[in-house]
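A closer look at the structure
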Amino acid sequence: MTAPDIVPDIPESTTNRRRRRLLVIVAFFRALPTMAKIGAAIVAVAIAVSVFSPALITHDPTEQSLIDRNQSFSAEHWFGTDRFGRDVYSRLVMGARYTLGLTVTSLLIAASIGTLIGLGAAYNRGGAFDSLVVWFVDIFMTFPTLILGVIIVAIFGQGLFNVGLAITIAFLPRIVRMARGVGMNVVGNEYVEAARAIGASTPRIIVIHLLPNILSEMAVISTLWLGTAIQVETNLSFLGLGVQPPMPSWGLMIREGLEELYINPWPSLLPVLAILITVIGLNMLADGSQDVLNPTTRER
Amino acid sequence: MNRSWNFNRRSVLKGLGTSGALVAFANVMNPTLAFARQSGVLHVGLDGRDMGTLHPHVATAAQDTAVISSIFNGLVRYVPGKVSVEAIEPDLAESWTVSDDFKQYSFKLRHGVKWHKGYGEFTSEDVKFSLLNVRDSVQSTFRPIFSNIERIDTPDKYEVVIALKTPDPVFIAVVSGWQGGYVICKKAVEVLGDTYKNQPVGTGPFQFEEFRPKERVSLVANPDYYGGTPKLKRIIYSYIPDQTARRYAFVQQEIDIMKGAANEDWLSEVVNASKDKPLVDLLGPGRNVVIHLKRSVPPLDNLKIRLAIAHAINREDYQRFFGRVFEPNFGPIPLEYFGAIEPNEIPQNLLYKHDPDRARQLLAEAGFKDGLKLETVVSERGDYLGLAQIGKQQLSKVGIDLKLNVLDNASWVAAIIKEKKGSLVWSTAARYPSAETLIREFWICAADVTKPTGVQGFAEYCNAKLDTAYQTAIAAADPKERAKYFKQVQTILLEDMPSVTLGSLATPVLRQSYVDLGYQVKEGTTVLSLPYMYYFTEKTNV
């Protein structure tokens, strides 16, 4: 991450690369506006819940106890039970793992592949590869992400892996276009010309010289899209195309609870709140990050 | 004036939030008046998305048959609330006689019955046209039921004589007002052609008025109805597939009658949330809830595995899940059906009660001491998915790991019928309440889905002994003899266990307290009503 203006001066003798990187991250977060800090805290909690969910659950999230169905909040079942008598708290926590784990992984893959393709197109501006990429991106961009996701799941079938694939493919053209645009700004820089002059290969120029210079912007953009990716995953699961029952995901939990919304709203309402809070947190973090990284807004 | 507008995400979100709150507030303060309660107009909320067809010889969907039952008549009909041969009473036929060999039925028709919309008088020609239309129609799935008709004679305008190929002591039920038994208008079919299915012409108390796609069908009173002018001016059937939306409309008294969810908690909540205490009726015949075990999927071809699955099932869990709507049953046929085997008639060794230890023992004897894995397809429809998820949990407790691949309902139907997919197939079928309907459709050799004649024999089961007992039963004139052989069929099914029956599900229907059906229905009891909706007669009123 390159954010030279917000990193404190560190004497050359006492810095090493790892420490400097850590300090850059710390400095970055310290420079964030308060709202973005709150957003970062929300995202951190969501990710922590997702990572440590097996240790956090109090019951098996798929275990039914029909004698205990639709119970309210209690010491035994913190968020009550659903219509099958399953523990809602445990399903919510495990749902975070499925929803966040799936979307983060899928988006990370889309971002990795998409950034490289976009940079390749930017470096080849006006060439055959660039034209081909732009052509494909234009076609895929005509589909809204959810529709594209539904089409992909319809082709490959339902299930965890295919929903991940759907999210990756749905976001790939958007990331390619963004990486191409951002890459255009750096591709004409002198250090790129210099690298070319000394005979560096195209892959080397892209990976060593271009990639590090757009990484921070791409990271922020990807974070912003994570909220949309969560919505796509929850929508697909809500439509019955994503995570398959009885395993929990937030979208599936909303769908399953709808039938008894008037009897026991919590199994639907709690995942709605979880999605709402997480997406708001992500948007707050992304907004703040943009403010810090964008030279025009940083000075305000 | 040069004024600049700056929008950012936060301001747009604030604006949207405020607008949403205002819209929600406006809705709360000014509920829709479009459905306001009207005197003489009955509003019915159906659970379907849209009309399929209103041709009675083709329609099978519940949202269509509910409407059809108010438009058409049969030669005979059931007393409202009952469905059995004993409950049959005259309708378009005033009287009938049966030959001693049960091969000829003669009907004297009612005089002066008028077809809707000026299509003239109802005569014996219409009866002949109608019955032959069902028997010979490739579109009608009811044609096998009418295939026994050999010849129809019409000696005069008001007499019909039906000759059968083989004796049928209960043929009178075939010409009752239901499905292929509804009489259609010959002249109207000739004039309207294919559009008859969307503009039906019948003889019933209400005539078709208007259809708005995905919204509603309306019927108006038939002033020439032979039973007298109906008290209701109009019936409006609205398509409200979402049960939460339907519940809201009912609680607001925007609809007077609605199909409910098969869930006692849900029904209680609606009753408690409503202003006037509405009434809940459980309409039958019950939907027989069965898990078919596909023989072509090893190790389901092993009887011990099938018996292990039967012992793994705990019917109490289903009772807890559905409440009073679900009635557990150990025999293959719902208890209110004619010829059903009662629990006390089932031999002890064939009464497969919940016994996980016995299930595990049977699995071990079959060579699956460490359990086994199965995979199947299931519909995403709430009742099927609920049944499958409970079943999965119960099987997991005895060591059977069942993977569920959830499909939308239409894809699931295609998967199990056309593509013969799945290992465990859930079915919830309701038919005319006599044992032969379910046996014919699910368990005789011709029903096997792998055969060209098969439609719903998902277990791919065939036992010649069962077929013989079934044929003997349906040929028997004496009801006791019929019942005896039907019970023999069910004993064979329990021995072979091609399918595990869990019980039956009633169809709950709710009515506002101010609705007068025109006949007495004892609240809370199972009312037999083939269209899964109340019969609306000339005496019905709001």
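All figures in this text were calculated on a predicted structure; none of them were measured in a lab.

When helices and strands are tallied, chain A shows eleven helices and zero strands. Starting at the N terminus and walking to the C terminus, you meet the elements of chain A as α-α-α-α-α-α-α-α-α-α-α. Dimensions of chain A, computed from C-alpha atoms along their principal axes, come out at roughly 75 × 50 × 30 Å. When burial is assessed residue by residue, chain A has 45% of its 300 residues classed as buried. Contacts in chain A between residues at least 24 apart in sequence constitute 67% of all its contacts with a sequence separation of at least 6.

Moving on: the overall build of chain B. Each helix and strand in chain B was counted, giving 15 helices and 18 strands. For the C-alpha atoms alone, the extent of chain B along its principal axes is close to 85 × 85 × 40 Å. Looking at chain B as a whole, 47% of its 542 residues are labelled buried. Intrachain contacts of chain B at a sequence separation of at least 6 include 69% that bridge at least 24 residues.

Moving on, we get to the packing of helix 3 (residues 88–123) of chain A against helix 6 (residues 160–187) of chain A. All names here are of chain A. One can describe the packing of helix 3 onto helix 6 by two numbers: an axis separation of 5 Å at closest approach and a directional angle of 35 degrees. Remark: the crossing between helix 3 and helix 6 carries right-handed chirality. A per-class count over the contact of helix 3 with helix 6 returns 22 nonpolar, nine polar and two charged.

Further remarks concern the sheet that holds strand 7 (residues 159–164) of chain B. Residue and element names in this part refer to chain B. Across the sheet, four strands lie side by side as 4-5-7-6; this open sheet has antiparallel pairing. Bordering the open sheet on either side are strand 4 (93–98) and strand 6 (149–156), each of which pairs with just one other strand. Recorded for the sheet is a direction-independent mean angle of 20 degrees between the axes of neighbouring strands. Pairing analysis gives five bridges linking strand 6 to strand 7, with the strands arranged antiparallel. Within strand 7, the residue paired with R151 across the bridge is A163. Together, strand 5 (104–109), strand 6 and strand 7 form the strand contacts of helix 3 (residues 124–136), whose direction differs from that of strand 6 by roughly 170 degrees.

Before going further, it helps to spend a moment on the nonpolar core. Generally speaking, a soluble globular protein has its nonpolar side chains buried in company with each other. Core analysis: the largest hydrophobic core is formed by 147 residues, its most contacted members being B:I235, B:I257, B:A308 and B:V489. Contact partners of B:I257, with chain neighbours within four places excluded, come to B:L42, B:V44, B:V509, B:L510, B:R511, B:V515 and B:Y534.

Turning our eyes to something else, we now look at helix 9 (residues 315–322) of chain B. For helix 9 of chain B, the full list of buried residues reads B:D317, B:Y318, B:F321 and B:F322. The arc that holds every buried residue of helix 9 of chain B, seen down its axis, measures 115 degrees, which confines them to one face.

Between chain B and chain A, the contact holds 22 residues from the first and 18 residues from the second. Those elements giving two or more residues to the side of chain B that touches chain A turn out to be helix 6 (243–251), helix 7 (264–273), helix 9, helix 11 (382–396) and strand 15 (400–407) of chain B. Top contributing element to the side of chain B that touches chain A by residue count: helix 11 of chain B, with six residues. The residue makeup of the side of chain B that touches chain A, split by class, is seven nonpolar, six polar and nine charged.

A low pLDDT score tells you not to read the predicted coordinates there in detail. Residues and elements named next belong to chain B. Across chain B, the average pLDDT comes to 88, with 92% of residues at 70 or higher. Considering only residues more than four positions removed or in separate chains, one finds that residues 1–5, a stretch of pLDDT under 50, has zero contacts. Every residue in residues 25–34 scores below 50 in pLDDT, and together they form one contact with partners more than four places removed in sequence or on other chains. The ipTM, which scores confidence in the relative placement of chains, is 0.71 for this predicted complex, and the corresponding pTM is 0.77.

The next thing to look at is the packing of helix 8 (residues 303–312) of chain B against helix 10 (residues 356–365) of chain B. Residue and element names in this part refer to chain B. Following both chains from N to C, one finds helix 8 and helix 10 inclined at 165 degrees, their axes separated by 8 Å at the closest point. The angle between helix 8 and helix 10 places the two elements in the roughly antiparallel class. Of the two possible hands of crossing, helix 8 and helix 10 adopt the one that is left-handed. Residues K304, I305, L307, A308, H311 and A312 of helix 8 touch helix 10, and the partners they reach there are P356, R358, A359, L362, L363 and E365. Of the residues contributing to the contact of helix 8 with helix 10, the split by class is eight nonpolar, one polar and three charged.

The next thing to look at is the environment of A:A229. Residue and element names in this part refer to chain A. Looking at the secondary structure, you find A229 in helix 8 (residues 202–238). Taking the C-alpha atoms as reference, A229 lies 8.0 Å from F171; in sequence the two are 58 residues apart. Those residues in contact with A229, other than ones at most four positions away along the chain, are T103, S106, L107, I167 and F171.

With that settled, the discussion passes to the environment of B:L232. Residue and element names in this part refer to chain B. Tracing the chain through its elements places L232 in the loop between strand 9 (216–221) and strand 10 (234–239). Note: C-alpha distance between L232 and N222 (ten residues apart in sequence) is 9.8 Å. The contacts of L232, once residues within four sequence positions are left out, are G40, L42, A221, T540 and N541.

All names here are of chain B. Most of strand 17 (residues 499–511) sits inside the fold, with 13 of its 13 residues counted as buried. Bridge count for strand 11 (residues 257–259) against strand 17 is three bridges, and the pairing is antiparallel. Looking across to strand 17, one finds that I257 is bridged to R511. In terms of strand pairing, strand 12 (residues 279–293) meets strand 17 through eleven bridges, oriented antiparallel.

Note on backbone geometry: most residues besides glycine have negative phi, and most peptide bonds are trans. Here the bond from A:P245 into A:P246 is cis, since omega is 10 degrees, no more than 30 degrees from zero. Note that A:P246 resides in the loop between helix 8 and helix 9 (250–258). Following B:G284, the chain continues into B:P285 via a peptide bond in cis, with omega recorded as 5 degrees. Its place among the elements puts B:P285 in strand 12. Even without being a glycine, B:K117 presents a positive backbone phi close to 55 degrees. By the secondary structure assignment, B:K117 is in the loop between strand 5 and helix 3. When the 14 C-beta atoms within 10 Å are taken as the criterion, B:K117 is described as partly exposed. One non-glycine residue, B:K214, lies in positive phi territory at about 60 degrees. Along the polypeptide, B:K214 turns up in the loop between strand 8 (206–212) and strand 9.

With that settled, consider the pairing of strand 1 (residues 41–46) of chain B. The side chains of a regular strand alternate, first on one face of the sheet and then on the other. All names here are of chain B. Burial of strand 1 is extensive: five of the six residues sit out of reach of the surface. Of the strand pairs in this sheet, strand 1 and strand 10 are connected by six bridges, and their pairing is parallel. Each residue of the ladder has a partner; that of G45, found in strand 10, is S238. Both strand 1 and strand 11 contribute to a ladder of two bridges, which runs parallel. From the neighbouring strand, V44 faces strand 11, where its bridge partner is I257.

We now examine helix 14 (residues 464–475) of chain B. Residues and elements named next belong to chain B. For helix 14, built from twelve residues, the straight-helix expectation of 16 Å at 1.5 Å per residue is met to within 8% by its first-to-last C-alpha distance of 17 Å. Those residues of helix 14 that sit buried are L466, A469, Y470 and A473. Here the buried residues of helix 14 occupy an arc of 100 degrees about the axis, which is enough to place them on one side. Exposed side chains of helix 14 directed beyond 90 degrees from the buried face belong to A464 and Q471.

Let us look at the environment of B:R234. Residue and element names in this part refer to chain B. Inspection of the secondary structure puts R234 in strand 10. The partly exposed category is assigned to R234, around which 17 C-beta atoms lie within 10 Å. For the pair R234 and W266, spaced 32 residues apart in sequence, the C-alpha separation works out to 29 Å.

Each value, and the rule that gives it
Residues numbered from 1 in each chain as written. Chains lettered and ligands numbered in written order. Predicted model: local features only at pLDDT ≥ 70, side-chain atom pairs only at ≥ 80, totals over all residues. Helix = DSSP H or I, 4+ residues; strand = E, 2+ residues; numbered from the N terminus. Buried ≥ 20, exposed ≤ 12 C-beta atoms within 10 Å, placed from the backbone. Contact = placed C-beta atoms within 7 Å. Axes fitted to C-alpha atoms, helices over the stretch in contact; angles between N-to-C directions. Left-handed = near helix turned anticlockwise from the far one by under 90°. Nonpolar A, V, L, I, M, F, W, Y, C, P; charged D, E, K, R; others polar. Pairing = 2+ DSSP bridges. Core = buried A, V, L, I, M, F, W, Y, C linked by C-beta atoms within 7 Å. Arc of directions from axis to C-beta. pLDDT = per-residue confidence, 0-100. Parallel < 35°, antiparallel > 145°, perpendicular 65-115°, else oblique. Expected span 1.5 Å × (residues − 1).

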